[in-house]
Amino acid sequence: MKKFLYLAVICLLASISPINAQLIIHNNGHAEIGTNPDSTNIDSVSVLKVFGDGANASAGRISIGNGQNVIVGELGTDDSDRLWLHGKQGIYITRGTAADDTIAFYNPAHSPSLTINSDVTAHGFLVQSDERYKEDIEPINQVLSALQTLEPVSYKLKSHRLAGSVLALSSKGMSANDRADMNAYYQKLEEGCERYGFLAQNVKDAFPELVHTDNDGYMSVDYIGLIPILVQSINELRAELSELKGDKQDNSLTALNAQQASQSEIEASLSAPKLYQNAPNPWSSETVIRYRLPDNVSRADIYIYDMQGAQIKSIPATGRGESQVTLTAHDLKAGMYLYALVADGALVDSKQMILTK
């Protein structure tokens with residue numbers, strides 16, 4: 001019976017014709033699927049080669065599962081020489097069977113964006129920003145006050161949140177061991193390096209356009225979108241600084257003018273005649289009357305009057321600048337008196353004094 005089976009297999013292999021066969025195995029161990037339009041051009045590199053029915057055998061692909069829901073290969077019939085990965089409900093990139101081995105995934109039922117569960121290193125990152133891509137273009141204004149409400153924070157990734165939300169779709173049907181492995185993996189992330197950023201809820205209050213929420217309610221922040229806001233805030237600060245500089249210059253000129261006017265007033269007041277209150281006052285034996293006279297005054301006198309207005313004494317004021325005279329009480333009666341400074345025939349000032357005995 002075994003000999004019969006061996007003979008049947010040999011006959012089956014021998015009956016495979018290179019002309020019409022869908023599977024060709026060459027004597028060097030390489031295999032071809034499909035019809036090769038140029039059977040003499042044997043690929044010496046590929047171990048398995050899939051030919052399609054398009055130009056130059058394009059559209060060769062492998063379909064997995066139900067129909068064309070999951071496909072690897074060229075989707076069209078053009079010879080694009082491009083690898084297409086097609087998943088009708090999304091694409092997952094993994095490195096193992098456990099949920100924590102999901103490197104990246106795109107699932108439109110979960111989020112309209114590609115989710116990558118690792119840091120990304122690249123030489124650069126470009127965002128399509130040509131004006132021809134855009135419409136309803138408006139300048140951004142008055143962002144400084146809103147920007148000041150943002151609170152930068154330091155943080156570490158929380159393992160159970162990632163395990164319970166971001167990878168929820170890929171973790172369905174996991175075994176208990178897989179879930180344990182996933183928790184252990186994200187526990188390492190939780191113990192990882194400290195990071196800096198914003199809380200999406202805080203950003204949403206200030207700039208709701210920069211926050212995107214997936215179908216599970218979890219939020220992501222468009223950090224690149226913060227760049228034009230930061231630039232605008234710098235422009236607003238620069239405008240405020242220029243305005244402050246202008247005000248400062250105006251205030252400086254005003255202060256300078258006021259200072260000059262004040263200086264002139266001070267100089268004028270210092271050069272003007274002045275009569276001071278006598279000291280001591282009241283007095284009993286003698287008192288000092290101080291005065292100031294500019295150098296250009298030719299004659300000045302201090303006159304003493306009683307309360308009826310009668311002049312009872314005159315004292316020449318011979319000193320210039322700050323000077324003084326001493327008044328004695330030996331020929332005066334106790335009572336209230338007036339004294340006045342007269343310079344070049346003009347009254348400078350008058351004051352009262354009280355003599356006690």
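Since this is a predicted model, take the numbers as computed values, not measurements.

Okay, the pattern of salt bridges next. Between side chains of opposite charge, pairing is possible as soon as their charged atoms come close. Inspection of the entire model under this criterion finds 6 salt bridges. Note that Glu322 and Arg292 form a salt bridge whose closest N and O atoms lie 3.3 Å from each other. Taken together, the positions of Glu322 in strand 18 (residues 321-328) and Arg292 in strand 15 (residues 286-293) put the pair 30 residues apart, joining distant regions of the chain. Its relative accessible area of 47% is what places Glu322 among the partly exposed residues. With a relative accessible area of 11%, Arg292 lands in the buried category. Three or more residues are tied together by salt bridges with common partners; here these are Arg290, Arg292 and Glu322.

What follows is about unusual backbone geometry. The step from Ala279 to Pro280 runs through a cis peptide bond, and the omega angle for that step is -5°. Within the secondary structure, Pro280 is located in the loop between strand 14 (274-275) and strand 15. Its identity is not glycine, yet Ala59 carries a phi of approximately 70°, on the positive side. Tracing the sequence through the fold places Ala59 in the loop between strand 3 (48-50) and strand 4 (61-64). Ala59 sits in the buried class, given a relative accessible area of 8%. Of note, the phi angle at Asp344 is positive, near 50°, even though the residue is not glycine. In this fold, Asp344 is placed in the loop between strand 19 (335-343) and strand 20 (346-355).

Turning to the environment of Val70, a few remarks are in order. Mapped onto the secondary structure, Val70 falls in strand 5 (residues 70-73). Note: C-alpha distance between Val70 and Gln89 (19 residues apart in sequence) is 8.8 Å. Setting aside chain neighbours within four positions, we find Val70 in contact with Ile62, Ser63, Ile64 and His86.

All right, on to the sheet that holds strand 20 then. Reading across the sheet, the 4 strands line up as 17-16-19-20 and stay open at both edges, with antiparallel pairing between neighbours. Each end of this open sheet is capped by a strand with a single partner; those strands are strand 17 (311-316) and strand 20. Strand-to-strand twist in this sheet, taken as the mean axis angle between neighbours without regard to direction, amounts to 20°. With 7 bridges joining them, strand 16 (residues 300-306) and strand 19 adopt antiparallel strand pairing. Bridge pairing in strand 19 places Tyr303 opposite Ala340.

Attention shifts here to a nonpolar patch on the surface. On the surface, a nonpolar cluster with roughly 760 Å² of combined accessible area is contributed by Ile62, Ile64, Val70, Val72, Leu83, Leu85, Ile91, Ile93 and Ile103. Looking at the nonpolar patch, the elements that each hand over two or more residues are strand 4, strand 5 and strand 7 (91-94). As for its position among the elements, Ile62 is in strand 4. For Ile62, a relative accessible area of 42% corresponds to the partly exposed category.

Procedures and definitions
- Residues numbered from 1 in each chain as written.
- Predicted model: local features only at pLDDT ≥ 70, side-chain atom pairs only at ≥ 80, totals over all residues.
- Heavy atoms only, no water.
- Salt bridge = Lys/Arg side-chain N within 4 Å of Asp/Glu carboxyl O.
- Helix = DSSP H or I, 4+ residues; strand = E, 2+ residues; numbered from the N terminus.
- Buried < 20%, exposed > 50% of the residue type's maximum accessible area, 1.4 Å probe, protein only.
- Contact = heavy atoms within 4.5 Å.
- Pairing = 2+ DSSP bridges.
- Axes fitted to C-alpha atoms, helices over the stretch in contact; angles between N-to-C directions.
- Patch = residues over 30% accessible without salt bridge, like charges linked within 9 Å, V, L, I, M, F, W, Y side chains within 5 Å.
- Areas by Shrake-Rupley, 256 points an atom, 1.4 Å probe, with all protein chains shown as cover.

Remember, this is a structural readout, not a statement about activity or role.
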